[in-house]
Amino acid sequence: MKPNHRLHAFYHLIFWLWNFTFLTIAYGVLLPIMGVWFFEEVLAGQVPPTLALSLMGLLVVPTVCTGAGIALRQDPVKLMRLFYGVEAPLVTLCIFRLFIIRELTPASSQILGTVLVCIGVFAIELLVGFVARRRSLAWLQVAGHSLLLIIGTYLGVLLTFYTVPALCVFLYNLLKFEWLGVFWNSFIVNPIATVWWLPVFMLLFGVSCTLFFAMPFAMISLYSHSWWRVFSAFGERYGVNKAIASTVSVAIAWCLVFSLLQQQPQVQAFQLLAQPAQTPQARRELIAKSDVIRDGLVNAYLHSYRYLGSWVESNQLREMYMAVFGLSQPQAQFWQDFHNHWISPFLYNGDRTDGEKAAHLYAQFFDAPIQRAERAAIQHALQSTSNRDETKAGLLNINQEVVRLAQQQVNVTEQGDWAEVELYEQYENPTFEDQEIFYSFSLPESAVVTGVWLGTNGDRSQRFPFVVSPRGAAQQVYNGEVERATIMVAEDPALLEQVGPQQYRLRVFPIPAQITNTPGQLHLWMTYKVMQQPDGWALPHLSEKRNVFWNSKTVRQRNGHSTNLPTEDWLEASLPTSHQTPTLHQTAIEGYQITARPLKAEEYALPHDKRFALVLDSSRSMANHTRELRETFDWLTQQGTQNDVDLYVAVANGAEPQRINDIQGFDATKTPFYGSLQLDQIVWQFAQLREQTAYDAVLLLTDEGSYELSQDEVDLPDTLPPLWLVHLGGKLPHAYADQVLQAVQDGRGGVAGDVAEAMQRLATEAQLGQTIASVTDGYAWSVEPVTTDATPPSTDAAFAPLAARQLILKLSRQHDMTQLAALDQVHAIAKTTKIVTPYSSMLVLVNDRQRELLREAEASGDRFSREVENGQDELTEPNNPLNVASVPEPSNVLGMGVVAIALLVLAKRRPADPKSGRLRQIR
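Criteria and thresholds
Residues numbered from 1 in each chain as written. Predicted model: local features only at pLDDT ≥ 70, side-chain atom pairs only at ≥ 80, totals over all residues. Heavy atoms only, no water. Helix = DSSP H or I, 4+ residues; strand = E, 2+ residues; numbered from the N terminus. Buried < 20%, exposed > 50% of the residue type's maximum accessible area, 1.4 Å probe, protein only. Contact = heavy atoms within 4.5 Å. Areas by Shrake-Rupley, 256 points an atom, 1.4 Å probe, with all protein chains shown as cover. Axes fitted to C-alpha atoms, helices over the stretch in contact; angles between N-to-C directions. Parallel < 35°, antiparallel > 145°, perpendicular 65-115°, else oblique. Left-handed = near helix turned anticlockwise from the far one by under 90°. Salt bridge = Lys/Arg side-chain N within 4 Å of Asp/Glu carboxyl O. Polar contact = N/O pair within 3.5 Å; in protein donor to acceptor, adjacent residues only side chain to side chain. Pairing = 2+ DSSP bridges. Right-handed = clockwise from strand over helix to strand, strands pointing away. Core = buried A, V, L, I, M, F, W, Y, C linked by side-chain atoms within 4.5 Å. 1 Å grid on protein atoms, 1.4 Å probe; cavity = no way out; pocket = protein on both sides within 12 Å on 5 of 7 lines; lining within 4 Å. Points joined across faces, edges and corners; volume = space filled by probe spheres on them. Nonpolar A, V, L, I, M, F, W, Y, C, P; charged D, E, K, R; others polar. Phe/Tyr/Trp six-rings, centres within 6.5 Å; stacked < 30°, edge-to-face > 60°.

1. Some remarks on the overall build of the chain
Assigned secondary structure in the chain consists of 26 helices and 27 strands. For the chain, with 923 residues in total, the buried portion stands at 53%. Residue pairs at least 24 apart in sequence account for 80% of intrachain contacts in the chain once pairs closer than 6 positions are excluded. Roughly 41400 Å² of accessible area belongs to the chain as shown, and the carbon and sulfur atoms make up 59% of that amount.

2. Some thoughts on the packing of helix H13 (residues 316-325) against helix H14 (residues 329-342)
Packed helices, taken two at a time, are described by their axes: the angle between them and the distance between them. Axis separation between H13 and H14 bottoms out at 8 Å; the angle between their running directions is 140°. With respect to H14, the element H13 is oriented oblique. H14 is crossed by H13, and the crossing has right-handed handedness. Between H13 and H14, the residues in contact are Gln316, Leu317, Arg318, Tyr321 and Met322 and Gln329, Ala332, Gln333, Trp335, Gln336 and His339, respectively.

3. Overview of the pattern of salt bridges
Summed over all chains, the structure comprises 31 salt bridges. Across the salt bridge formed by Glu422 and Arg460, the nearest N and O atoms sit 2.7 Å from each other. Remark: Arg460 occurs in the loop between strand S6 (448-455) and strand S7 (466-470) and Glu422 occurs in strand S4 (residues 418-429); sequence separation between them is 38 residues. Among the residues examined, Glu422 registers a relative accessible area of 12% and is labelled buried. For Arg507, the salt bridge goes to Glu497, with nearest N and O atoms at 3.5 Å. Of this pair, Arg507 sits in strand S9 (residues 503-511) while Glu497 sits in strand S8 (residues 494-498), and the two are ten residues apart along the sequence. On the accessibility criterion, Glu497 (0% relative accessible area) is buried. Connected via shared salt-bridge partners are Arg471, Glu497, Arg505, Arg507, Asp738, Arg866 and Glu869.

4. Here we look at the side chain of Thr431
Looking at where Thr431 falls in the secondary structure, it is placed in the loop between S4 and strand S5 (435-442). Here the side chain of Thr431 touches Asn429 through a polar contact of 2.8 Å, side chain to side chain. From its side chain, Thr431 meets the backbone oxygen of Glu433 in a polar contact 2.9 Å long.

5. Overview of the pairing of strand S23 (residues 723-727)
Counting buried positions along S23 gives five out of five residues, so the element sits mostly inside the fold. The alternating pattern of S23 places Leu723, Leu725 and His727 and Trp724 and Val726 on opposite faces, both of which are buried. For strand S22 (residues 697-702) and S23, the ladder comprises five bridges, and the chain directions are parallel. What sits directly across from Val698, in S23, is Leu723. Taken together, S23, helix H21 (residues 738-746) and strand S24 (residues 750-752) constitute a β-α-β crossover, and its handedness is right-handed.

6. What about the sheet that holds S9?
Pairing in this open sheet of six strands is antiparallel, and the strands run S7-S27-S8-S9-S5-S12 from one edge to the other. Two strands close off the open sheet at either side, each with one partner strand: S7 and strand S12 (541-546). Strand-to-strand twist in this sheet, taken as the mean axis angle between neighbours without regard to direction, amounts to 20°. Strand direction decides the pairing type here: S7 and strand S27 (residues 840-844), joined by five bridges, are antiparallel. Note that in S27 the partner of Val468 across the bridge is Met842. Sitting on the sheet, helix H18 (residues 471-484) touches S5, S7, S8, S9 and S27, and the angle it makes with S9 is about 30°. Here helix H24 (residues 820-833) sits on the sheet and contacts S7 and S27; the angle it forms with S7, its principal contact strand, is near 175°.

7. Brief notes about the nonpolar core
By size, the foremost hydrophobic cluster in this structure holds 72 residues, and its most contacted members are Tyr427, Tyr439, Phe441, Leu496, Val508 and Trp781. Contacts of Tyr427, omitting those with residues within four sequence positions, involve Val403, Arg404, Leu405, Ile437, Tyr439, Ile511, Gly520, Gln521, Leu522, Leu524 and Val548. Core analysis: the second largest hydrophobic core is formed by 65 residues, Phe15, Leu90, Leu147 and Trp254 among them.

8. Some thoughts on empty space enclosed by the protein
Taken as a whole, this structure holds eight cavities of 30 Å³ or more when the rule is applied. Each pocket or cavity is described by its volume, and for the largest cavity that value is around 200 Å³. With three residues, the single largest contributor to the lining of the largest cavity is helix H20 (residues 679-690). For the lining of the largest cavity, the residue count by class is ten nonpolar, nine polar and five charged.

9. Structural notes on the packing of aromatic side chains
Tallied over the full model, the rule gives 33 aromatic pairs. Aromatic side chains Tyr424 and Trp525 sit 5.2 Å apart centroid to centroid with 40° between the ring planes, which places their arrangement in the tilted category. In this pair, Tyr424 sits in strand S4 while Trp525 sits in strand S10 (residues 520-531), placing the two residues 101 residues apart along the sequence. By the burial criterion, Tyr424 is buried, and Trp525 matches it. Clustering of aromatic rings is evident, with ring pairs tying together Tyr154, Phe161, Tyr321, Phe325, Phe334, Trp335, Phe338 and Trp342.

10. Comments concerning the side chain of Arg306
With respect to the helices, strands and loops of the structure, Arg306 is situated in helix H12 (residues 303-306). Residue Arg306 is classed as buried on the basis of its relative accessible area, which comes to 18%. Among residues more than four places away in sequence, those in contact with Arg306 are Arg102, Glu103, Thr105, Val298 and Asn299.

11. Thoughts on the packing of helix H23 (residues 800-814) against H24
Relative to each other, H23 and H24 sit at 175°, their axes nearing to 10 Å. Overall, the two elements H23 and H24 adopt an arrangement that is roughly antiparallel. On the side of H23, the interface is formed by Pro801, Ala804, Leu807, Ile808 and Leu811, while H24 contributes Gln825, Val826, Ile829, Ala830 and Thr833. Here the residues of the contact of H23 with H24 are counted per class, giving eight nonpolar, two polar and no charged.

12. Structural notes on the sheet that holds strand S17 (residues 585-589)
Across the sheet, which stays open at both edges, the four strands sit in the order S17-S18-S26-S25 with antiparallel pairing between neighbours. Of all strands in the sheet, those with a lone pairing partner are S17 and strand S25 (772-776), marking the two edges. Mean inter-strand twist for the sheet, computed between neighbouring axes without regard to direction, equals 15°. Pairing analysis gives seven bridges linking strand S18 (residues 592-598) to strand S26 (residues 779-785), with the strands arranged antiparallel. Across the sheet, Arg597 pairs through a bridge with Ala780, a residue of S26. In the packing of helix H22 (residues 755-768) onto the sheet, the strands contacted are S18, S25 and S26, and the crossing angle to S25 comes to about 140°. Seen against the sheet, H23 touches S17, S18, S25 and S26 and runs at an angle of roughly 120° to S25.

13. Focus: unusual backbone geometry
Here Phe509 and Pro510 are connected by a cis peptide whose omega angle stands at -5°. Following the sequence through the fold, Pro510 ends up in strand S9. Although it is not a glycine, Asp609 adopts a positive phi angle of roughly 55°. By the element assignment, Asp609 lies in the loop between S18 and strand S19 (611-617). Judged by its relative accessible area of 71%, Asp609 falls in the exposed class. A positive phi angle, near 55°, is found at Asp777, a position not held by glycine. Within the fold, Asp777 resides in the loop between S25 and S26. Take Asp777: its relative accessible area is 22%, and that puts it in the partly exposed class.

Following this line, the structure appears as structure tokens:
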């Protein structure tokens, strides 16, 4: 056989052997294992388009190229051009996009997009040559091949960084002939298998080496020759000067774009926030640059998901060159720096700790946790890198459609002007892992939750009952069970807490995973008692949900009758009543008589000749409520002749708060709403400016705030006037830190939606006397001790839970609720009447181990200490493939690279649960 024929035969061998390998992997491994779940995820829109195209490319590219190879089988040279110039780069690009490259940035998108364009124009030139028939197409082709020259050089140089040391190691080990000993030992152990597999292995290994070691030369040679053919043909037809101008223009434009895209946004964001903005003008300037700051902080927070690694920590090439070539560290660092400049679109310009720094600065500047405010961007990054989500439902799981609400029933049992409402729900978990669901909801302030149960089926007699436990002990046991589930089989607990005068939090775990294609099921019952409202029987108002969803297939019933709701609604606002006339209710609990008396319209009052402190929260989120602020100040101005109001403006990030004695001259629209403030910080700023001024009440104007940014231990001033939290915008916080809730409820304060409501309630309560516990929902609730000589009061056992809610509120205002004795007293009432309060939670337990844990928690001194549930998910730290922790031996460098690629393919990319509707992230 002639040398030329032998070379052509070798070309055929490389092309067909590798395509056989590609097709075997694609259709024998990828499609059977990942095909079904992958197409389901694509149709559901849960797989980012770039990942979907990359995975499909591993199936399509070898198939199409094999078909093209059949057409070109008579031309071995074109087979090699097809393989090295089209197929191998495309397959490599798909593999790198799946396993190495993470969420795309503008800079990385430019490189990858250019590579795709260049592969396309190379394929066109390979198949049809120079397109000269149409002038416009000819110009496009020469411009595309100008990019081909650039990208061929770029990729060739990049591959050379690695192929040169790998080739040296390969030759070093080959010439040592130590591999002969390995084969000889294998021959002694199993001669038949060795004789059979040795030629196959040597053939595959040899072809693999040609692919790897020849790749840089092939890229540069094939792409530059393709450019030259098109350049020459274009020059002959339209002139060499135009060909040169086209190539130079494209190269300059591409390089300019490349240079501009290297400016990563976090650098400017960190510079802008390096120093606190103390003056109003400085704050306005920063607010005007909010988009720049947001982009930079999000980029820094997600840097490990958008870049291969940081510039500083990329040391793999340096260590390799020191090990292989024996270079000194400065010499090797020169090549590392050159390499880093070359791949700068894929390297982060910053430090490993920038993620934490960005999260802190984001919360301080935007007044919201970054995981809540930038949830969509973070979820996209997690999906782009195929990370898995932790079991616990956190901020990133808000509105995620994981567990389906299959059935929902609401039944109302009327008792005159009050009713008991039962909510029943059935959940289905189609994923392969246990899931937690989370509801944050509110009820009327006088309502009281009286029970929660779990069941593995709809049989009430088999459901697991609740226990009433101190809030801290209940939270500790529940969270312990969720954390335990990461290493052991989970067992169903549920936790129902009151986290505000009207706010509640319900968490259930686990909703069991599916078994043999049958979704896991869990059933929940919750009951509460509520007074009649003008618009009906109030149903829970949803403020947030996590991991649970409902759709048109959810079966809904109200008092046994089917009903239809918009798919976005959890429940109606209320159900119709028979409109019973409000009546007087009295009952006795623990030596106290509690009375609920309907109030007439003329009994409500507004304050006169009182002095109020109006405290304004000037944090960033309040900028959305300037209209409500203007209406508030207008109303206060109209009431100005009846009361004296002093204004305090609380400010964030170290600026000086203000006290303004005349609110008529204050224009809220000119206030620069900036930074983050928590309620305790606002109260302290007021206390420091107040000095000795006496006030009848403090009205704190704020919005729903960011509960997740609260601290576990909040220290508030000892002596405060009644504190009323006025939440503008119609939204209550999801929860309050316990110390803030205590300061509001225990100090005769409250929560309102506007200043008029707050003033009316506090004036009416003061007018009705000291026995009043609260004026809410159309009733005056009073609490009086039962004297020994008085006629024994009647006891209405059914109404007792509603009365107990008011008794606990009254007692909390009479005692020091930082003392265990006082807390135990109100908890005993909650336990006796089986209700949820701000101090007592309901916990569903299913086994003796959990009950023993609860007994231990209830005996501890911190049984009422509840932690803030910040909902923050702990994101993984993806591996940096450009960083090595130790220096490899020269003889192991090549093997290390092969093993690393294998591990990336096998371990880094795992399919998500086929029916989970999402990807999960490991803590």
